[in-house]
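# Examination of the molecular architecture
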Amino acid sequence: MSEIIRRDPRREWIARNRLHPDHASVLAEIGGVQVASEWLGPNGVVRKNPRAIGFIGPSGVKRIDRSGLQQGGQATATTTAARESRRTVTIDQPAFLVAVVPDLTGGRLSNHDKDLLGLARRVADADVEQPGAVVAILFGEHKGEGDGELKKQALGEAGIDRVVHLDDELYAGFAPEARLAVLSAVEREMTPRFWLLPDSPLGGADLGRRLALRLGERAATGVWQIEADDEAPLGWQCTARGAAGSLDIQRPLPRVALALAECAEPVDETRHAAEPLSLVDEIPTILSRIEDLGQVAVDPAGVALAEAEFILSGGNGVKQWDAFHHAAKVLGATEGASRVAVDDGFMARDRQVGATGTWVTARVYMAVGISGAIQHLQGIQRCDKVVAINLDPGCDIIKRADLAVIGDSTQILAALVAMVEQQRGGQRDAA
Amino acid sequence: MQPEQQQKQQKQGIDVTVLVSIGRHPITGRARRAEQDARGLELALAMEAELPGSRINVLHAGSQDVDSEVALRSYLGMATGVGMGLESMTLLEQPDGSDAILPLVEHLAATSPQLVITGARAERGEGSGLLPYALAEHLGWPLVNSLASIEKVENGVVTLLQALPRGQRRRLKVRLPAIISVDEAAPAARQSAFGPARRATFSVSPTASDADSELAQWHLSPARKRPKRLKIIKSASARDRFKAAASKAEGKGGQVLTDVTPEQGAEAIYKLLKEEDVLR
């Protein structure tokens with residue numbers, strides 16, 4: 001093919017002539033699928049068609065987006081592009097290892113865990129020439145979004161290079177001795193340069209202190225900041241909270257550190273390999289002197305609303321309050337309410353969820369007949385999963401909810417209660 | 001087990017050592033009884049009421065001066081009446097800034113109590129919460145953290161309730177001797193009475209201890225306020241940044257079920273609750 005660009009003056013003329021019957025088709029031909037808004041004119045000048053710019057917005061009004069991104073229809077493409085913009089990093093020959101033991105509450109990496117992995121990445125990637133690898137030791141089932149490849153991806157996106165996953169009955173519940181045996185085995189086989197654990201009451205604080213004493217290290221606890229320092233033995237200086245949060249202690253970062261939440265930014269630019277590793281040696285079984293008899297049933301009404309795990313919240317749409325209370329009892333949920341329900345006297349003031357009531361942190365928040373005023377949505381900002389039962393499919397809580405069921409709340413709750421009771425009854429018969 | 005034998009053991013009770021430290025009032029900074037240690041002592045006193053014949057020994061390692069004596073005496077004022085076992089406490093005297101772990105280990109190994117109760121962390125100094133773990137590691141005893149209550153003690157096995165986050169409780173059985181640490185989940189401590197606190201005595205035993213040289217090298221300063229994390233939107237275009245700043249928080253495309261029967265809706269909710277493991 002010759003390099004000369006052949007022009008078709010007639011076609012260009014039609015493109016300029018809005019009134020020509022072939023105008024639309026010619027424009028489409030020039031600009032590919034979409035109507036072209038810019039093309040090279042006959043004299044080498046860029047021609048623009050201002051009428052082809054923009055798109056028809058949701059209310060039927062033409063909108064022009066001058067941010068460089070074209071048109072509403074392509075918005076989804078840009079978000080997927082953002083997701084794929086993570087750089088894939090594979091570290092085959094790590095110079096050293098940084099071991100992290102996340103809490104993995106409810107089978108997922110918590111925000112605290114992600115911050116901690118961000119910290120681990122900072123330590124591992126300090127020297128670009130010789131990067132270290134982050135090894136995560138996971139106890140119990142991992143329930144990341146999706147399964148198979150996607151699960152691995154969730155770990156990789158948190159910044160994990162290698163995974164030692166121990167999904168065994170032995171490590172469930174309160175089993176510090178068994179978990180410590182695994183960490184000791186990891187220490188023997190891999191000798192990581194740093195051990196990072198979350199300083200959280202979910203288990204990290206306990207396990208980390210045990211590990212530090214087993215390794216004979218004086219752990220830094222409550223670490224919230226680290227900075228590179230050549231004079232320190234391991235190259236890092238850390239700032240840690242001491243004396244019940246009233247002191248800042250600056251000290252060289254030891255091998256074992258327990259870090260607070262928000263100690264670093266979570267990883268958001270790279271995706272790591274998350275290759276599974278397994279331990280070579282057999283882990284010695286230890287006769288534990290602590291026997292776990294399992295969790296005790298706690299009266300959900302007695303749990304403070306701010307720290308309840310599962311909240312059943314009722315609003316203006318709830319008509320039969322007796323049925324609502326019964327449902328909360330059967331499901332074992334702590335009761336909450338919206339402001340309307342409290343004002344109307346159906347629920348106590350201390351049960352109110354939202355900006356003027358309690359800011360809740362539940363893992364599952366079930367909103368029944370609540371439309372989702374902004375104050376209420378603020379109050380449930382930190383909830384993981386929101387389930388909404390509502391008659392109106394257009395209300396705000398539906399947009400926030402992970403699962404929304406449109407229908408009559410009384411009937412749906414009754415059906416749910418029947419289902420749970422039936423399931424429990426079946427289990428009791430089997431036992 | 002025979003009933004008589006059981007009664008005998010009930011009468012015998014067990015030896016409990018409560019480790020106490022000197023607290024710091026969060027606002028004035030004055031010496032006081034430490035919150036968590038006082039809760040630990042409260043727990044021991046409650047257990048003594050359940051299990052008559054138990055002996056409580058209060059132990060502290062540190063220097064003896066005017067301030068600390070007032071703070072330590074307020075622990076002793078927590079029990080009144082004759083024979084409650086709090087007429088005195090053991091004080092392992094050592095200079096300020098020395099390591100308390102080794103003297104405590106030696107003392108505990110020598111007196112060998114069956115149960116050691118301690119607060120989770122100190123309110124002064126490093127306050128790392130490592131001490132109970134260090135004692136457990138040195139003595140080789142099992143340790144349970146974050147205790148809510150002691151249910152019963154029999155046959156050298158103690159049944160405990162451990163506090164979990166979100167108001168949950170876990171029941172554990174631990175073979176004695178054991179160390180248990182107490183934090184905010186345990187019942188609040190009772191008031192301290194002034195008279196018994198004044199009358200109580202100290203049995204002081206000086207100990208040879210090493211200075212904590214590592215702590216001396218660290219730089220300690222009053223806690224700075226931690227910077228609040230900003231919501232960082234990494235995006236090339238101003239439009240995306242504006243949208244992120246101005247729009248309401250939205251779920252990441254939740255599932256919406258319309259036109260379903262109540263049973264189908266309930267089924268979907270039930271599945272989610274099962275998945276999240278909140279149904280017990």
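Note that the coordinates shown come from a computational prediction; the quantities given were computed from them, not determined experimentally.

## Let's talk about the overall build of chain B
The secondary structure content of chain B amounts to nine helices and 13 strands. What you see for chain B is a C-alpha radius of gyration of 25 Å, clearly larger than the 19 Å of a compact globule of 280 residues, by over 25%. Taking the principal axes of the C-alpha coordinates as reference, chain B spans close to 75 × 60 × 35 Å. Put simply, chain B has 280 residues, and 44% of those count as buried. Taking all contacts inside chain B whose residues are at least 6 apart in sequence as the whole, residues at least 24 apart take part in 73%.

## Examining the overall build of chain A
Helix and strand counts for chain A come out as twelve helices and 21 strands. Here the C-alpha atoms of chain A give a radius of gyration of 29 Å, more than 25% beyond the 22 Å that 2.2 N^0.38 yields for 431 residues. Seen through its principal axes, chain A has C-alpha atoms that stretch 90 × 65 × 50 Å. By residue count, 48% of the 431 residues in chain A fall in the buried class. Sequence-distant contacts, at least 24 apart, represent 58% of the contacts inside chain A between residues at least 6 apart. Element-wise, carbon and sulfur atoms account for 50% of the exposed surface of chain A, whose accessible area totals about 21600 Å². Charged side chains of chain A number 47 positive and 59 negative; the gap between the two group centres comes to 8 Å.

## So, the domain arrangement of chain A
Examined at the domain level, chain A breaks down into domain 1 (9–84), domain 2 (87–277) and domain 3 (300–430). Distance from the C-alpha centre of domain 2 of chain A to the C-alpha centre of domain 3 of chain A: 36 Å.

## A few points about the sheet that holds strand S20 (residues 385–390) of chain A
Across the sheet, which stays open at both edges, the six strands sit in the order S18(A)-S17(A)-S19(A)-S20(A)-S21(A)-S13(B) with parallel pairing between neighbours. At either margin of the open sheet sits one strand with a lone partner, and together these are strand S18 (334–337) of chain A together with strand S13 (255–257) of chain B. Pairwise comparison of adjacent strand axes, ignoring direction, gives a mean angle of 15° for this sheet. By the bridge criterion, four bridges tie strand S17 (residues 310–314) of chain A to S18(A) in an arrangement that is parallel. If you follow Gly314(A) over to S18(A), its bridge partner there is Ala337(A). The sheet contacts of helix H8 (residues 321–331) of chain A involve S17, S18 and strand S19 (364–368) of chain A, and relative to S17(A) the element is tilted by about 175°. Sheet contacts for helix H9 (residues 262–276) of chain B: S17, S19, S20 and strand S21 (403–406) of chain A together with S13 of chain B; angle to S21(A), the most-contacted strand, approximately 160°.

## Here's the deal with the sheet that holds strand S12 (residues 219–222) of chain B
Pairing in this open sheet of ten strands is mixed, and the strands run S15(A)-S8(A)-S7(A)-S6(A)-S9(A)-S13(A)-S10(A)-S11(A)-S12(A)-S12(B) from one edge to the other. Sheet topology places strand S15 (275–277) of chain A together with S12 of chain B at the edges, where each strand pairs with a single neighbour. Across the sheet, the mean angle from the axis of one strand to that of its neighbour is 35°, orientation sign disregarded. Where strand S6 (residues 97–100) of chain A and strand S9 (residues 194–198) of chain A come together, three bridges link them in parallel fashion. What sits directly across from Val98(A), in S9(A), is Phe194(A). With respect to the sheet, helix H4 (residues 111–124) of chain A is in contact with S6, strand S7 (133–139), S9, strand S10 (220–228), strand S11 (236–242) and strand S13 (256–259) of chain A, its orientation differing from that of S9(A) by roughly 160°. Set on the sheet, helix H6 (residues 176–190) of chain A makes contact with S6, S7, strand S8 (162–166), S9 and S15 of chain A; between it and S7(A) the angle comes to about 155°.

## Topic: the pattern of salt bridges
It is possible for side chains of opposite charge to pair when their charged atoms get near one another. Inspection of every chain in the model, using the stated rule, returns 27 salt bridges over all chains. Arg255(A) is paired through a salt bridge with Glu187(A); the nearest N and O atoms lie 2.9 Å apart. One end of the pair, Arg255(A), is in the loop between strand S12 (247–252) and S13; the other, Glu187(A), is in helix H6, and 68 residues separate them in sequence. With respect to burial, Arg255(A) and Glu187(A) carry one shared label: buried. Its salt-bridge partner being Glu137(B), residue Arg214(A) comes within 3.0 Å of it at the nearest N-O pair. Placement of the pair is Arg214(A) in helix H7 (residues 204–215) and Glu137(B) in helix H5 (residues 131–139), with the two residues belonging to separate chains. Given a relative accessible area of 31%, Glu137(B) falls into the partly exposed group.

## Some words on the pairing of strand S8 (residues 157–163) of chain B
All names here are of chain B. For S8, the tally of buried residues reaches six of seven residues, placing the bulk of the element in the interior. As judged from the six bridges shared by strand S7 (residues 143–154) and S8, these two strands associate in the antiparallel manner. Paired with Glu-154 across the two strands is Val-157, which belongs to S8. Remark: two residues form the turn of the hairpin made by S7 and S8, two consecutive strands paired antiparallel; Asn-155 in that turn has positive phi of roughly 55°. Where S8 meets strand S9 (residues 169–175), seven bridges bridge the pair, whose relative direction is antiparallel. The residue of S9 that forms the bridge with Leu-160 is Leu-172. The antiparallel hairpin formed by S8 and S9 contains five residues in its connecting segment, where Arg-166 sits at a positive phi of about 65°.

## Some details on the interface of chain B and chain A
Listed as interface residues are 78 residues of chain B and, on the opposing side, 86 residues of chain A. Counting each side, the surface lost to burial between chain B and chain A is near 7500 Å², with a carbon and sulfur contribution of 56%. By the criterion of area lost to chain A, the three top residues of chain B are Arg166(B), Arg226(B) and Arg229(B), representing 11% of everything that side buries. There are eight salt bridges connecting chain B and chain A. The tally of links between chain B and chain A comes to 33 residue pairs in polar contact (both at pLDDT 80 or more). For the side of chain B that touches chain A, the leading source of residues is H9(B), giving twelve residues. For the side of chain B that touches chain A, a count of residues per class yields 32 nonpolar, 17 polar and 29 charged.

## Section: the packing of aromatic side chains
In this description, a pair of aromatic rings is defined by centroid distance and the angle of the planes. All names here are of chain A. The full count for this structure, using the stated rule, is three aromatic pairs over all chains. Arranged with centres 5.1 Å apart and planes meeting at 70°, the rings of Trp-321 and Phe-324 form a pair that is edge-to-face. Here Trp-321 pairs with Phe-324, and both are found in helix H8, just three residues apart, close to one helical turn. Each member of the pair Trp-321 and Phe-324 is classed as buried.

## Concerning the nonpolar core
Membership of the largest hydrophobic core comes to 49 residues, with the highest contact counts inside it found for Ile137(A), Phe139(A), Val182(A) and Trp195(A). Per-element accounting of this core gives the leading share, eight residues, to H6(A). When sequence neighbours within four positions are dropped, the list of residues in contact with Phe139(A) reads Val101(A), Leu104(A), Leu166(A), Tyr171(A), Arg179(A), Val182(A), Leu183(A) and Leu207(A). Counting residues in each nonpolar core, the second largest holds 43 residues, with Val16(B), Val20(B), Ile22(B) and Leu115(B) among its members.

## A word on a negative patch on the surface
A cluster of acidic residues, Glu141(A), Asp167(A), Asp168(A) and Glu169(A), forms a negative patch on the protein surface. Note on placement: Glu141(A) falls in the loop between S7 and helix H5 (149–157).

The rules behind each value
- Residues numbered from 1 in each chain as written.
- Chains lettered and ligands numbered in written order.
- Predicted model: local features only at pLDDT ≥ 70, side-chain atom pairs only at ≥ 80, totals over all residues.
- Heavy atoms only, no water.
- Helix = DSSP H or I, 4+ residues; strand = E, 2+ residues; numbered from the N terminus.
- Rg over C-alpha atoms; globule rule 2.2 N^0.38 Å.
- Buried < 20%, exposed > 50% of the residue type's maximum accessible area, 1.4 Å probe, protein only.
- Contact = heavy atoms within 4.5 Å.
- Areas by Shrake-Rupley, 256 points an atom, 1.4 Å probe, with all protein chains shown as cover.
- Lys, Arg positive; Asp, Glu negative; His and termini not counted.
- Charge placed at Lys NZ, Arg CZ, Asp CG, Glu CD.
- Domains from an automatic or database assignment.
- Pairing = 2+ DSSP bridges.
- Axes fitted to C-alpha atoms, helices over the stretch in contact; angles between N-to-C directions.
- Salt bridge = Lys/Arg side-chain N within 4 Å of Asp/Glu carboxyl O.
- Buried area = accessible area lost by both parts, 1.4 Å probe.
- Polar contact = N/O pair within 3.5 Å; in protein donor to acceptor, adjacent residues only side chain to side chain.
- Nonpolar A, V, L, I, M, F, W, Y, C, P; charged D, E, K, R; others polar.
- Phe/Tyr/Trp six-rings, centres within 6.5 Å; stacked < 30°, edge-to-face > 60°.
- Core = buried A, V, L, I, M, F, W, Y, C linked by side-chain atoms within 4.5 Å.
- Patch = residues over 30% accessible without salt bridge, like charges linked within 9 Å, V, L, I, M, F, W, Y side chains within 5 Å.

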